Amino acid sequence: MPAAVSLAPAELLSASRAVTHLLVRGSLASGTADRLSDVDFVVGVHDRDLPAFVAAQDDLMTVEGGALLPGWRDTIVADLGGIGFVFLVQHEGKLRQVDLYLAPASQMTIVRRKVAGKVLLDRPPAEITTSQIEHARSHVAGLLARPRSCTELLIEHLVLAVLLHKRIQRGQRFVAYAEWHMLHTATKDLIKTALAPASRFWGWYQLREEIALTPIGRACLADLDAAITSPAVPDAADVEAALDRVVALTERACPYALDGLADAITAYRTYLELA
């Protein structure tokens, strides 16, 4: 992994006085990174500052860090008492994945026992009060429970497409299978969020009954049917076709979700062609 890819986010994060700890983990920490490896940080943030830091991180990473779009709320990462985000950063004509796991500083002693990584910053925090700890915990719980918007679900498709392409190149068929199912589930969630936001049914239940009431709904369900009848383990062409489907579906069902994402979609297509 080129040094510039890993160094820039570390410098940005360390510059904030709200950040108390910074760890890099994964292949970059162990020295086994390759050109497909992501950059994986655990960021300790003073409990008092965590809500504001989370709110500001998209601007920090897009304006200063080169990210193409807001962070995806990571649903794959293990629960360490915080919340994870994935950013896609354009570097030398390619997309690089930058993972940030934001944890309250009050949790970092526990986190460091669970995470093997290289310490880049260890800045003892100012006093953390009980009320600050509870506020940070409540804020994280609220973020994890909040329903995702159509825009967030479209971003999830883009991130999963990049992850899948990496799995395919590495021959990680089992992981590709799991993330391919996640992508289909994101497509289902996008349809329900756009066309049945007040649905009383959980998951995949009653989709046809709720969605197939309009021509747009029936067209969206046809896209979903095409997705779930695709191969169980995708190749690169399957992933590209899935992205084409979801962009067309979004244009049909919730076109506002595409606002500001055109460059990211174009960059992804370029990434797929060059990889």
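Our structure is the block above this text.
Residues numbered from 1 in each chain as written. Predicted model: local features only at pLDDT ≥ 70, side-chain atom pairs only at ≥ 80, totals over all residues. Heavy atoms only, no water.

K.L.:
I'm lost on the nonpolar core in this one. Help?
P.N.:
As a rule of thumb, nonpolar side chains are buried together in soluble globular proteins. Formed by 44 residues in total, the largest nonpolar core has its most connected members in W72, L95, V159, L190 and Y268. Counting only elements with at least two residues in this core, the list comes to β4 (83-91), α6 (150-170), α7 (173-195), α8 (207-211), α9 (215-228), α10 (236-253) and α11 (262-274). In terms of residues, this core owes the most to one element, α6, which gives 11 residues. Setting aside its immediate chain neighbours within four residues, L95 contacts L68, L88, V89, Q90, V162, A267, Y268 and Y271. Counting 26 residues, the second largest nonpolar core, distinct from the first, contains V24, V45, F53 and V140. (Core = buried A, V, L, I, M, F, W, Y, C linked by side-chain atoms within 4.5 Å. Buried < 20%, exposed > 50% of the residue type's maximum accessible area, 1.4 Å probe, protein only. Helix = DSSP H or I, 4+ residues; strand = E, 2+ residues; numbered from the N terminus. Contact = heavy atoms within 4.5 Å.)

K.L.:
Looking at this model, I keep getting lost on a nonpolar patch on the surface. Mind explaining?
P.N.:
A contiguous nonpolar surface patch, about 420 Å² in accessible area, is contributed by F201, W202 and Y205. Here W202 shows up in the loop between α7 and α8. On the basis of relative accessible area, W202 is assigned to the exposed category, the value being 70%. (Patch = residues over 30% accessible without salt bridge, like charges linked within 9 Å, V, L, I, M, F, W, Y side chains within 5 Å. Areas by Shrake-Rupley, 256 points an atom, 1.4 Å probe, with all protein chains shown as cover. Salt bridge = Lys/Arg side-chain N within 4 Å of Asp/Glu carboxyl O.)

K.L.:
Is there a simple way to explain the sheet that holds strand β1 (residues 19-25) in this structure?
P.N.:
Hydrogen bonding along the main chain pairs the strands of a sheet, whether they run parallel or antiparallel. In space, the 6 strands of this open sheet follow the order β3-β4-β5-β2-β1-β6, with mixed pairing throughout. Looking along the sheet, the strands with just one partner apiece sit at the ends: β3 (72-73) and β6 (117-122). Here β1 pairs with strand β2 (residues 39-45) via 6 bridges, running antiparallel. Looking at β2, one finds that V24 is bridged to F41. (Pairing = 2+ DSSP bridges.)

K.L.:
Please explain the pattern of salt bridges as it appears in this structure.
P.N.:
Side chains that differ in charge, positive against negative, can pair when their charged atoms come close. Inspection of the entire model under this criterion finds 10 salt bridges. When the shortest N-O distance is used, the salt bridge between R25 and D40 registers 3.3 Å. Of this pair, R25 sits in strand β1 while D40 is found in strand β2, placing the two residues 15 residues apart along the sequence. No difference in accessibility class separates R25 from D40, as the two residues are buried. Residue R48 pairs with D49 through a salt bridge whose shortest N-O separation is 3.0 Å. Counted as one network, the salt bridges with shared partners bring together R148, E156, K188 and D189.

K.L.:
Quick question: what am I supposed to make of the environment of L80 here?
P.N.:
Inspection of the secondary structure puts L80 in the loop between β3 and β4. For the pair L80 and G117, spaced 37 residues apart in sequence, the C-alpha separation works out to 14 Å. What L80 contacts, discounting residues up to four positions off in sequence, is R25, Y101, V111, K114 and V115.

K.L.:
Could you clarify how one ought to interpret helix α3 (residues 50-64) in this entry?
P.N.:
Since the α-helix packs 3.6 residues into each turn, any two residues three or four apart lie on the same face. Along α3, the sharpest kink reaches roughly 40 degrees, centred on A56. Looking only at α3, the buried set comprises L50, P51, F53, V54, Q57 and M61. (Bend = angle between axes of the 7 residues up to and from the residue.)

K.L.:
What should I look at first to understand helix α5 (residues 130-145) in this one?
P.N.:
The end-to-end C-alpha distance of α5 is 23 Å, a good match for the 22 Å that 16 residues give at a rise of 1.5 Å each. Taken together, the buried positions of α5 are occupied by Q132, A136, V140 and L143. End-on, the buried residues of α5 take up no more than an arc of 70 degrees, which puts them together on one face. For α5, the exposed residues set more than 90 degrees away from the buried face come down to T130, S131 and A145. If you follow the buried residues of α5, they end up packed against α3, β3, β4 and β5 (94-104). (Expected span 1.5 Å × (residues − 1). Arc of directions from axis to C-beta.)

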